[in-house]
Each structure stands twice: as C-alpha cells, then as structure tokens.
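Read off the chains here:
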Amino acid sequence: MHRSLMFLLAACAALSATAQEAPPPFASFAGASAPVLNDPHDLTIGPDGNLYIADKLGDRVVLMDPETLEVIGAIGEGALFQARDVSFGPDGRLYVAATGLSGVVVYDMSENRPKNEGILGPFPNTEGALAHSNGRLYVMASGTGQLYALEDDQVVAIVTGLFGAHDVAEAPDGSIWVADNRARRLVRFDADLEELQVLDAPQYGFRGPRYLDVDPDGILIVADQDAHRILKIDPVSGALLGVIGSGAPGEGPNLFDDPEGAAIFGNAYFFADSDNNRVVKYVVVTN
C-alpha cells in the first residue's frame, strides 16, 4: 500500500514537472465543433477551403466549414472503413487511407460529386497517405512497418522498420516527415526514402505522435495522442516552441482527449480532438 502511494505521488510529481517545464501554448482556443464525429483522425484543408476530416469509426470523410465548424457534407459514407488520413494531390484528387480496407481510396474531385476511382493496395493497416507535390503517392503500411513511394501507381521505393507508424507529411523542401508512433519519434526522409533526420529528444516527451502538419517555414505541429498534447517544434534547431494540452485527458480550452490530427490554415490551427469526437480550432492573433 505504501509503495503504491509512493509510486502514485512520484507519477503525479513527474507529470507536474513536465507541465511546468513545457513552453506556453502557441495559439489560443477559438472554438469547437459539436461532438458529431466518431473518432476523427487526420484532417486537411481542401482546394475549396473546407476542412476534410477522416472520421475513422464513421467510415467516411466529413466536410466541415472552417469558420463555423459545422458539417457541410460527407464522402464515402459508411464505405471508407476506418478512414485514417486524407490528402489532396496536385491534380486535385483526394486520397483516403482506410485501415479497414488496407488501401488508399482515390476520388476524382473535378465534378460536383466526388467520383470513386478505386483503391490502391494492399498496404496492411494503412495509416497514412501523402499525395506529394512531386506527383508521387507515399503510403504508410503500419501493419508491416513499410513506407511506400508510388509513381503512376507503381512502387518505386520502400523503407522498412516503421512498425506502427502513422502520418506522412510533406515539408516545404519536399522532404517527408513520418510520425513513428510506436518508436516515439519523428523521422524525415528524402523523396527517395533515404533517411535524413530523427527527432526523439526527451524534451518533446513523445508518448504516441500520430499525425502532424508542417507550416510554410518548416515548423512541425504534432498531435501526440497518448500525451493528450499538441507540440510545435522547430526541426532545424530542435527547439520545442510551444505546447497545447495539460498531459491529461480533458475537454475545453487547452485540453484534449487523445488528439490525432492537425492541419494549418493561415494563422489558424485545426485539431482532431478524437475521443471528444470533435474538431477544435486555435488561432494566433497577429497585429
């Protein structure tokens, strides 16, 4: 009993120390959607300026107005089994990583109604998909730990050893960041999947980085699900620039419950507050 109490006190002290050492929030709470989603994962801003959200347990992609955070539509309702990630290609096509299908579903978005063009795969436990500006598609097969590069639907490069990894995101220089969840790190590759950099310093306190976005300056915004926090990281200096979240699950300003996704749009940040079944918006006030 005494040992259990001491362990609990030590854990609380460690959590408190981590919170005290963390830098302040990098943006201010600006609103939240109603809890109308079902375990939302990653999200992105589409060419039309709307939010596209991989609604995992809803088996669909949800469209949301970024100003009102109201649902305005859905794609693949009930058919995109365990949709995890969404990405738009240079040609405007939408790519959806669907874990339950072990593949990436492709939609032609050029008409009024999205047209399903089929599925690419199999990629066991597909967690991430990136339609890169170079025309390639990068797919994270979490089940086998393999990251694939596809060109004209053909595999042109593979890297292994990334079991449990999730997101794939493009940096301004064209390099690729992978959220290596199980290894509690971020890894950067070049376009041919040669490793360039690893971020795993203790200062980040990674417990389960799932999805991320990269701003025009190369700054990383990382959803660390198991830590219930969003981190802002400068990958050049390695500095931790800001943190939103207390380290414990919650609901309200500066609180999350298992956040999974992150998207940047100008001075606004959108996060998938997954276990609260909603999207939240934060903004940076500029003069």
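Computed from a prediction, not measured in an experiment: that's the story for all the values here.

1. Things to note about the overall build of the protein
Tallying secondary structure elements over the protein gives one helix and 24 strands in all. What you see for the protein is a C-alpha radius of gyration of 18 Å, in line with the 19 Å of a compact globule of 287 residues. Dimensions of the protein, computed from C-alpha atoms along their principal axes, come out at roughly 60 × 45 × 40 Å. The buried share of the protein, reckoned over its 287 residues, is 55%. Counting 18 positive and 40 negative side-chain charges, the protein places the centres of these two groups 6 Å from one another.

2. Re the pairing of strand 20 (residues 229–233)
Where burial is concerned, most of strand 20 is hidden: five out of the five residues are buried. Judged from the five bridges that link them, strand 19 (residues 220–224) and strand 20 form a sheet pairing that is antiparallel. When the sheet's bridge partners are listed, A223 is paired in strand 20 with I230. Linkage of strand 19 to strand 20, two consecutive antiparallel strands, is achieved through a turn of four residues, within which H228 is found at a positive phi near 55°.

3. Thoughts on the layout of surface pockets
Estimated volume of the largest pocket: approximately 570 Å³. Forming the boundary of the largest pocket are 31 residues, of which T44, S87, F88, L130 and D213 lie nearest the centre. Those elements giving two or more residues to the lining of the largest pocket turn out to be strand 2 (40–45), strand 6 (83–88), strand 10 (126–131), strand 14 (168–170), strand 18 (209–214) and strand 22 (259–265). Taken together, the residues of the lining of the largest pocket sort by class into 20 nonpolar, five polar and six charged.

4. Some thoughts on the environment of P47
Along the chain, P47 turns up in the loop between strand 2 and strand 3 (51–55). The sequence separation of P47 and A79 amounts to 32 residues, and the corresponding C-alpha distance is 23 Å.

5. Considering the environment of S142
In this structure, S142 sits in the loop between strand 11 (137–141) and strand 12 (146–151). You can call S142 buried: its relative accessible area is 8%. Taking the C-alpha atoms as reference points, S142 and F270, 128 residues apart in sequence, are found 24 Å from one another. When residues no more than four places from it in sequence are discounted, the contact partners of S142 are P124, N125, E127, F163, G164 and A165. There is a polar contact of 3.3 Å between the side chain of S142 and the backbone oxygen of A165.

6. Section: the nonpolar core
By size, the foremost hydrophobic cluster in this structure holds 16 residues, and its most contacted members are W177, L186, L220 and I233. Put simply, the parts of the chain that give this core at least two residues each are strand 15 (176–180), strand 18, strand 19, strand 20 and strand 21 (240–244). Beyond its immediate stretch of four places on either side in the chain, L186 contacts W177, V178, A179, Q197, V198, L199, F206, P209, L220 and V222. In this structure, L147, L162, I176 and L193 belong to the second largest nonpolar core, which totals 15 residues.

Conventions and cut-offs
- Starting from 1, residues in each chain are numbered consecutively following that chain's sequence as written.
- This being a predicted model, a pLDDT of at least 70 is required before a residue's local features are given, and a value of 80 or more before pairs of side-chain atoms are given or counted; all residues contribute to the totals for chains, interfaces and linings.
- Just so you know, side-chain values use all the structure's heavy atoms and leave hydrogens and water out.
- Counting from the N terminus, the helices are the DSSP runs of H or I reaching at least four residues and the strands are the DSSP runs of E reaching at least two.
- Between the two quantities, the radius of gyration covers C-alpha atoms and the globule rule is 2.2 Å times the number of residues to the power 0.38.
- With a 1.4 Å probe rolled over the protein chains alone, any residue whose accessible area is under 20% of its type maximum counts as buried; one over 50% counts as exposed, and the rest are partly exposed.
- Residues scored as charged are limited to Lys and Arg (positive) and Asp and Glu (negative), so that His and the chain ends carry no count.
- Charged side chains are reduced to one point each, which is NZ for Lys, CZ for Arg, CG for Asp and CD for Glu.
- Here, a strand pair is defined by DSSP locating no fewer than two bridges between the strands.
- Cavity means a closed set of points on a 1 Å grid over the protein atoms alone, one where a 1.4 Å probe fits but cannot get out, pocket means an open set with protein on both sides within 12 Å along at least 5 of 7 lines, and lining means a residue has an atom within 4 Å of a point.
- Grid points are joined across faces, edges and corners, and a volume is the space filled by probe spheres set on the points.
- Classes in brief: Ala, Val, Leu, Ile, Met, Phe, Trp, Tyr, Cys and Pro nonpolar; Asp, Glu, Lys and Arg charged; the others, Gly included, polar.
- Here, residues are in contact when the closest pair of their heavy atoms is within 4.5 Å.
- Counted as a polar contact is a pair of N or O atoms within 3.5 Å, where, for protein atoms, one must be capable of donating a hydrogen and the other of accepting one, and residues adjacent in sequence contribute only when both atoms are in side chains.
- Nonpolar core, defined: a set of buried Ala, Val, Leu, Ile, Met, Phe, Trp, Tyr and Cys residues in which side-chain atoms within 4.5 Å join the residues together.

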